[in-house]
Amino acid sequence: MADTQALQFHCTTCPSECLLDVVIEKDGDVARVLSVHGNRCQRGAAFAEQETTCPMRILATTVPVTGGDQPLLPVRTKEAIPRALHMQAMELLRATRAVAPVRMGDVVVPDILDSGVDVVASLDIDCAP
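## Overview of the sheet that holds strand E5 (residues 60-66)
The sheet built from five strands is open, its strands ordered E8-E5-E6-E10-E9 with mixed pairing. Lying at the two open borders of the sheet, with one neighbouring strand each, are strand E8 (98-99) and strand E9 (107-109). On the sheet, helix H2 (residues 86-94) packs against E5, E9 and strand E10 (119-121) and is oriented at approximately 15° with respect to E5.

## Examining the sheet that holds strand E1 (residues 3-10)
Spatial strand order, E1-E2-E3: three strands in an open sheet with antiparallel pairing. Each of the sheet's edge strands pairs with one partner strand only, and the pair in question is E1 and strand E3 (30-37). Direction aside, neighbouring strands of the sheet carry axes that sit 30° apart on average. As paired strands, E1 and strand E2 (residues 19-27) are joined by eight bridges and run antiparallel to one another. Looking across to E2, one finds that Thr4 is bridged to Glu25. Strands E1, E2 and E3 of the sheet are contacted by helix H1 (residues 42-53), whose axis makes an angle of about 155° with E3.

## Considerations on the pairing of E2
Looking at chain direction, E2 and E3 are connected through seven bridges and run antiparallel. When the sheet's bridge partners are listed, Ile24 is paired in E3 with Val33. Here E2 folds back onto E3 in antiparallel fashion, the turn holding two residues, of which Gly28 has a positive phi close to 70°.

## Here we look at unusual backbone geometry
Of the consecutive residues Ala100 and Pro101, the connecting peptide bond is found in the cis state with omega at 0°. Position of Pro101 relative to the elements: it lies in the loop between E8 and E9. The phi torsion at Glu17 lies on the positive side, around 45°, for a residue other than glycine. Relative to the assigned elements, Glu17 resides in the loop between E1 and E2. Looking at Glu17, the relative accessible area reads 46%, which means it is partly exposed. Phi at Leu113 is positive, roughly 55°, even though this residue is not glycine. Secondary-structure assignment places Leu113 in the loop between E9 and E10. By relative accessible area, which is 30% here, Leu113 ends up partly exposed.

## Describing the environment of Ile58
As for its placement among the helices and strands, Ile58 is situated in the loop between strand E4 (56-57) and E5. For the pair formed by Ile58 and Arg83, sequence separation is 25 residues and the distance between their alpha carbons is 8.5 Å.

## With respect to H1
The end-to-end C-alpha separation of H1 is 17 Å, in line with the 16 Å expected for 12 residues at 1.5 Å each. For H1, the complete set of buried residues consists of Gly44, Phe47, Ala48, Glu51 and Thr52. Relative to the axis of H1, the buried residues are bounded by an arc of 115° and lie together on one face. Each element contacted by the buried residues of H1 is listed here: E1, E2, E3 and E4.

Definitions and cut-offs
- Residues take numbers from 1 onward in each chain, read along the sequence in its written order.
- Selection of residues for local features in this predicted model requires a pLDDT of at least 70, selection of side-chain atom pairs for listing and counting requires 80 or more, and totals for whole chains, interfaces and linings are taken over all residues.
- The basis for every side-chain value is the complete set of heavy atoms in the structure, and neither hydrogens nor water enter the calculation.
- Following DSSP output, two strands are said to pair if at least two bridges run between them.
- Helix and strand assignments follow DSSP, with helices taken as H or I runs no shorter than four residues and strands as E runs no shorter than two, numbered in order from the N terminus.
- It only takes one pair of heavy atoms within 4.5 Å for two residues to be counted as in contact.
- Fitted lines through C-alpha atoms serve as axes, helices being fitted only where they are in contact, and the angles separating the N-to-C directions of these axes extend from 0 to 180 degrees.
- Note on exposure labels: buried denotes an accessible area under 20% of the residue type's maximum, exposed denotes more than 50%, and partly exposed covers the range between, all computed with a 1.4 Å probe on protein chains only.
- What a helix is expected to span follows from its residue count: subtract one and scale by 1.5 Å.
- Arc definition: directions from the helix axis to the C-beta atoms.

Below you can see the structure in the form of structure tokens.
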């Protein structure tokens, strides 16, 4: 049985941060957007659709570095991945070790969880002196 819900949240696709009023129909785990109001551009409507059906986020964390001048390497997904994958991705990253030297943008984990998105270094780490 489908359930209709009204949601309100800010769009984060641009600095305007429009307050969106979104009506969705939920049938189990499946959500369908019925209407979006408050957006000043089409990006707001697209954001509301994505946010209610498959929220996407950049994942940022750190991994240990072997032989580096710093103990931890900041890393992030190159693009947003489904929020539902974040816990699994964190488990995988907890077991990941980088080896110095590492350069910003280097791929640390390719295609994490078959998402098509690489995890990349966010900082240069040189070898320990």
